[in-house]
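Here's the letter readout for the chains.
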Amino acid sequence: MGRVLVTLTAAAAVVACSVATVAVRRRMKGKRKWKKVVGILRDLEEACETPLGRLRQMVDAIAVEMQAGLVSEGGSKLKMLLTFVDDLPNGSETGTYYALHLGGSYFRIIRVHLGGQRSTLEVQDVERHSIPTSLMNSTSEVLFDFLASSLQMFIEKEVFNLSQPVKRELAFTFSFPVKQTSISSGVLIKWTKGFAISEMAGEDIAECLQGALNKRGLDIRVAALVNDTVGALSFGHFHDPDTIAAVVFGTGSNACYLERTDAIIKCQNPRTTSGSMVVNMEWGNFWSSRLPRTSYDLELDAESMNSNDMGFEKMIGGMYLGDIVRRVILRMSQESDIFGPISSILSTPFVLRTNSVSAMHEDDTPELLEVARILNDLGVAEVALKVRKLVVKICDVVTRRAARLAAAGIAGILKKVGRDGSGGGRRSDKQIMRRTVVAVEGGLYLNYRMFREYMDEALRDILGEDVAQHVVIKAMEDGSSIGSALLLASSQSVQTIQSL
């Protein structure tokens, strides 16, 4: 009996030892897997690093590229396009105007009534529609007929009566690179933000829309063709004359600013009465060796429809941030099983939208329930809390980099026009810091609190508190569309609908 007991005890000890060994091995294996994904995160942090010195080098590079783009066509990655806009609205405009805004993933139609004072601006109707994905790769005829049809339905809903027929005036806000030939005409340079209608390159955009309107028998004249940043600047200037630049952070990103005409060397005789003109930078194509580019950026660029193009926009635009985060999570999933089996959904490009990144990044629930929900939608279910925290950190790293690069872009504009306190730019600005307003629009800035806070913080760091106190970042909603209608009003002497 004693021998049996000893044998059983020994066997139990062996089993217990084996179980303990297996448990230890599992813990060690788990630690190795965790160490691997932490290493991936650490590499991402290092690659995305944007110390103040690097940001200031970027500011200098942007200012230099701006100058080069003003000197000659093709002299810079920044196209520095002339807009023929020099008469910005001041509040004295009157009449009723329409605007149609074609953005990245949506279009918007508005009607604005102006009564001759800033306080009498009335946005009477707004409609926002998503762009069907099929239209982004269709034909110009299909796309513009869709826009014309939507505008026709918008007008047919109007409940007011006119005593006599009056020609409606429309501002077409177009958020893609266009070489303007006048305030009301311009040819498409290239599509961005997922659009790919090849036969339109070199076509007059205003004429394309006007033709579609004419086919439907609509008595509407496309009287202004306006980049969305220019519309935002117009709206900002309408409310605050100190507004000298505008930036859009939405699906993509771009900026414009007010430049002296004598600084626009590539145009021998810009016809302006004010001595200045709004310049559309098309800064999405900015490139510098100082940009903190990662392997995930390279992969995204290589797989995009416009590879080797729009490098800056792909690091700061709302269309891309979600996919960068997705690629990091996918890489971790491939290197370790902490996310469970590799999800086929997670392998789908652009399946993770930036608004979901924002929701995960700003999830303040103790168990990060919003992170869990979004990961579940991506086919990643029931991950540990520490893994959810890891995902939040990925969102933070990618968003912080984007926001700090965006701040460097704004500071670059301020340096070019002598509003950064460095004494460069305009001679008259060397001795005194004047109040400077930069209008900012776009869902990425308006709706993503952490992006906004990181950008504002970085801009203060770059400029220094003494200069930053004179710079105002003014957020706007629907500014591009409303501002385009205001620009149309400030440039029109034709009859419009005076009252509704």
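Quick notes on the rules
- Residues numbered from 1 in each chain as written.
- Predicted model: local features only at pLDDT ≥ 70, side-chain atom pairs only at ≥ 80, totals over all residues.
- Heavy atoms only, no water.
- UniProt positions renumbered as here; feature names shortened; annotations may be inferred.
- Pairing = 2+ DSSP bridges.
- Helix = DSSP H or I, 4+ residues; strand = E, 2+ residues; numbered from the N terminus.
- Axes fitted to C-alpha atoms, helices over the stretch in contact; angles between N-to-C directions.
- Patch = residues over 30% accessible without salt bridge, like charges linked within 9 Å, V, L, I, M, F, W, Y side chains within 5 Å.
- Areas by Shrake-Rupley, 256 points an atom, 1.4 Å probe, with all protein chains shown as cover.
- Salt bridge = Lys/Arg side-chain N within 4 Å of Asp/Glu carboxyl O.
- Lys, Arg positive; Asp, Glu negative; His and termini not counted.
- Charge placed at Lys NZ, Arg CZ, Asp CG, Glu CD.
- Buried < 20%, exposed > 50% of the residue type's maximum accessible area, 1.4 Å probe, protein only.
- Core = buried A, V, L, I, M, F, W, Y, C linked by side-chain atoms within 4.5 Å.
- Contact = heavy atoms within 4.5 Å.

Per an unreviewed UniProt entry, the protein chain goes by the name Phosphotransferase and belongs to Capsella rubella. What the UniProt record of the protein chain gives under Subcellular location (unreviewed entry) is the line "Mitochondrion outer membrane". Per UniProt, the comment on the protein chain under Sequence similarities (unreviewed entry) is "Belongs to the hexokinase family."

Caption draft 1: Local environment of the sheet that holds strand β3 (residues 106-115). Reading across the sheet, the five strands line up as β4-β3-β2-β5-β8 and stay open at both edges, with mixed pairing between neighbours. Lying at the two open borders of the sheet, with one neighbouring strand each, are β4 (122-130) and β8 (220-226). On average, each strand axis in the sheet is tilted by 20° relative to the strand beside it, whichever way the strands run. Pairing analysis gives nine bridges linking strand β2 (residues 94-102) to β3, with the strands arranged antiparallel. Within the sheet, the bridge partner assigned to T94 lies in β3 and is G115.

Caption draft 2: View of a negative patch on the surface. Among the surface-exposed residues, E457, D461, E465 and D466 lie close enough to one another that they form a single negatively charged patch. Those elements that provide at least two residues to the negative patch are α13 (449-463) and α14 (465-468). Structurally, the position occupied by D466 is in helix α14. Since its relative accessible area comes to 61%, D466 is described here as exposed.

Caption draft 3: Quick look at the pattern of salt bridges. Applying the stated criterion to the full structure yields 27 salt bridges. One continuous salt-bridge network, built from bridges that share partners, spans E299, E303, D323, R326 and R327.

Caption draft 4: Structural detail: the nonpolar core. F249, Y257, M281, W283 and F451 are the most contacted members of the largest nonpolar core, which has 88 residues in total. With residues up to four places along the chain from it excluded, the contact list for M281 reads I62, M66, L78, K79, M80, N254, A255, C256, Y257 and I413. Among the nonpolar cores identified, the runner-up in size contains 35 residues, and L135, A206, L213 and L225 belong to it.

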